[in-house]
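Descriptive structure summary
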Amino acid sequence: MPMLEVKGITKGFGTLDVLRGVDLTVERGDVVAILGPSGSGKTTLLRCINFLETADSGTLIFDGESFELGHVSKRDIARLRKKTAFVFQNYNLFSNKTALENVTEGLILGHKMPKAQARDVGRRALDRVGLSDRYDYYPDQLSGGQQQRVAIARAIAPEPEIIYFDEPTSALDPELTVEVLAVMRRLAEDGMTMLVVTHEMGFARTVSNRVIFMEDGVVAESGPSKEFFENPKEERTKAFLRSIGTTMAGESGKKENQAKE
Amino acid sequence: MDAHAWQVFAQSFDDILIPGLCMTIPLTIAAFSLCMVVALLLAMVQYAKVPGLRQFARFYIWIFRGTPLLVQLFIVYYGLPRVGIVIHEVVAAIAVIGLNYAAYCAETIRAALESVPVGQVEAGYCTGLSYIQIMRRIVLPQAMKTAFPPLSNSLISMLKDTSLAANITVMEMLQKTKQIVARTYEPLVLYIEVGLIYLAFSTILTWLQGRGERRLSTHRVKRRRNENADA
Ligand SMILES: Nc1ncnc2c1ncn2[C@@H]1O[C@H](COP(=O)(O)OP(=O)(O)OP(=O)(O)O)[C@@H](O)[C@H]1O
Ligand SMILES: [Mg+2]
């Protein structure tokens, strides 16, 4: 049974149809990359799946439980959100909280974890993203890459079943991109289920096991990453890969290898 | 200026200061407390877009910002008795000044709430916090820090505007000064004197504001300590 299944999701803003019937399936342990040109609806898709936007229609099946996306109760939303986590493009750390507090806030208040235990879990999460020396720093005292790693620590701390990433590195300088991608790669190796909107072709190619290519609010092509990159079927996919593939794939692949050193 | 003026100046100091300490300041504290509670509610119902209450808040602000404070004081103290509502002058002053300032402070607080990036609210939801928890732990603390300087300004304005209560017979500093002027015919020195006492009060508030602002940004201090530890 897939862990997450989305069927026929549609969403419009006014007269603009942003999602026009998107289906996707994520198995436990999958790392699924969502690719596609700007404006194709990738962010909107993730936001609808996590109820930050209300989809117009569509079905979400999570752990075998089915929900009509147009009308999910607040209680169900709160319950589902405790099994998921979201990493934003611009981190969205709580600016009035330290790195550690950013991680523990949701554990203590949302997951009702005792404070001492939450701090323990929080410190371990920050250790995992390589920030053992930054527990008490405030977001404005951290680099973009560090902030995004705090955001990832905040996401992994409650041990969610799946993490949604929305272009986690596109606000970062290349050097900082590397450290964040390295953390994500390690999460993937540890078996974390991830749904990742990204423009990092190197990451999509080497870390994700499946790729979804979106264009104009629909899935234009999807399949195992190897097949997708080596043998794309659709003309549009080929054109897309030609337009960005050569430069980006080569570059980010190299950058990440350096980071792994 | 002659010796008589200086003598009056010196002799009246206590007589003016005492209503300042016993009326002007308590009046300001009471009115400002009321103001903060009402302003926070008015700001929150607008921020949260609570239907009905939101429109009420806009209406409230329209009325209280659009008419003079002095007129409002007159309506409540001299007008309402005509329909059988008699309010003690001090209570009327606290209520009217507090409610009037709430209209301005509500706008200050609303703007501060809206200045907190909405992404942090979304991140709050995604980490399992409820709306109330997000407001209490994330949005309000940041908003209050932003709103602190303009709210301090309002407090200082209010302190001075309590002098309007003299017009509805409240025995505060200005009212007391007027009485002494009537007795001694030394308007120049006495009004300057009461002005100086207001100035002293405002100066103390400004100083407190500075301290408050420094306290609100204590995490900058923590940063310096961390940076030193790194070095
Ligand atoms: N809140 C909104 N109101 C109106 N239009 C919106 C809103 N959010 C997104 N859109 C529109 O929906 C379309 C898809 O946006 P979306 O952010 O999902 O694209 P994307 O694939 O994530 O693009 P990018 O790669 O640039 O992040 C765009 O045309 C955008 O302008
Ligand atoms: Mg996007």
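See above for the structure.
Let me begin by describing the structure that accompanies this report. Per chain, the residues get numbers from 1 upward, laid out in the order the sequence is written. Each chain is given a letter, starting from A, and each ligand a number, starting from 1, according to the order in which they appear as written. Whole-chain, interface and lining totals are the exception, using all residues; otherwise, since this is a predicted model, local features are given only for residues with pLDDT of at least 70 and side-chain atom pairs are given and counted only at 80 or more. As a rule here, side-chain values cover all heavy atoms of the structure and leave hydrogens and water aside.

A word on the overall build of chain A
Counting its secondary structure elements, chain A contains nine helices and ten strands. Whereas a compact globule of 261 residues would reach a radius of gyration of roughly 18 Å, chain A reaches 18 Å, a difference of no more than 12%. Overall, chain A is about 55 × 45 × 35 Å in size when its C-alpha atoms are taken along their principal axes. Exposure is judged per residue with a 1.4 Å probe applied to protein chains only, and the accessible area is read against the type maximum: over 50% gives exposed, under 20% gives buried, and values in between give partly exposed. The 261 residues of chain A split such that 58% are buried. Here a residue-residue contact requires only that any non-hydrogen atoms of the pair lie within 4.5 Å. Here the analysis covers contacts within chain A between residues at least 6 apart in sequence; of these, 65% occur between residues at least 24 apart. Reported accessibility uses the Shrake-Rupley method at a 1.4 Å probe radius. Residues are deemed covered only where the shown protein chains occlude them. Entry remark: accessible area of chain A is about 11000 Å², with carbon and sulfur atoms responsible for 47%. Between the mean site of the 34 positive side-chain charges and the mean site of the 38 negative ones, chain A shows a separation of 3 Å. Secondary structure elements are taken from DSSP: a helix is a run of H or I of four residues or more, a strand is a run of E of two residues or more, and numbering for both begins at the N terminus. The globule rule used for comparison is 2.2 Å times the number of residues to the exponent 0.38, while the radius of gyration itself is calculated over C-alpha atoms. Only four residue types enter the tally: Lys and Arg on the positive side, Asp and Glu on the negative side, with His and both chain ends excluded. Here the site of a charge means NZ on Lys, CZ on Arg, CG on Asp, or CD on Glu.

Notes on unusual backbone geometry
Residues and elements named next belong to chain A. Unlike most non-glycine residues, Lys-112 shows phi in positive territory, near 55°. Structurally, the position occupied by Lys-112 is in the loop between α3 (99-110) and α4 (115-128). Residue Lys-112 is classed as exposed on the basis of its relative accessible area, which comes to 61%.

Some thoughts on the packing of helix α2 (residues 53-66) of chain B against helix α4 (residues 89-115) of chain B
All names here are of chain B. Where α2 contacts α4, the axes come no closer than 8 Å and their chain directions differ by 125°. Comparing the axis directions of α2 and α4 gives the class oblique. For the crossing formed where α2 meets α4, the hand is left-handed. Here α2 contributes Arg-58, Tyr-60, Ile-61, Phe-64 and Arg-65 to the contact with α4, which in turn contributes Leu-99, Asn-100, Ala-102, Ala-103, Tyr-104, Ala-106, Glu-107 and Arg-110. The residue inventory of the contact of α2 with α4, partitioned by class, reads eight nonpolar, one polar and four charged. Between N-to-C directions, angles cover 0 to 180 degrees, with each direction set by a line fitted to C-alpha atoms, over the stretch in contact for helices. Each angle is binned into one of four classes, with values under 35 degrees roughly parallel, values over 145 roughly antiparallel, values of 65 to 115 roughly perpendicular, and all other values oblique. Crossing handedness: left-handed means the near helix sits turned counterclockwise from the far one by under a right angle, and right-handed means the same turn made clockwise. Nonpolar residues are Ala, Val, Leu, Ile, Met, Phe, Trp, Tyr, Cys and Pro. Charged residues are Asp, Glu, Lys and Arg, and all others, Gly as well, are polar.

Thoughts on the site of ligand 1
Residue and element names in this part refer to chain A. Taken together, 13 residues surround ligand 1, and among them Ser-38, Gly-39, Lys-42, Thr-43 and Thr-44 come closest. Pairs of N or O atoms are called polar contacts if they sit within 3.5 Å, as long as, within protein, a hydrogen donor faces a hydrogen acceptor (for residues adjacent in sequence, only side-chain-to-side-chain pairs). One of the backbone nitrogen or oxygen atoms of Gly-39 is found 2.8 Å away from an oxygen atom of ligand 1. Contact with the protein chains removes 60% of the 640 Å² of surface that ligand 1 exposes when unbound. Among the elements that make up the shell around ligand 1, the one with the highest residue count is helix α1 (residues 42-49) (three residues). Of the residues assigned to the shell around ligand 1, the class counts are four nonpolar, seven polar and two charged. When at least one non-hydrogen atom of a residue lies within 4 Å of a molecule or strand, that residue is treated as near it.

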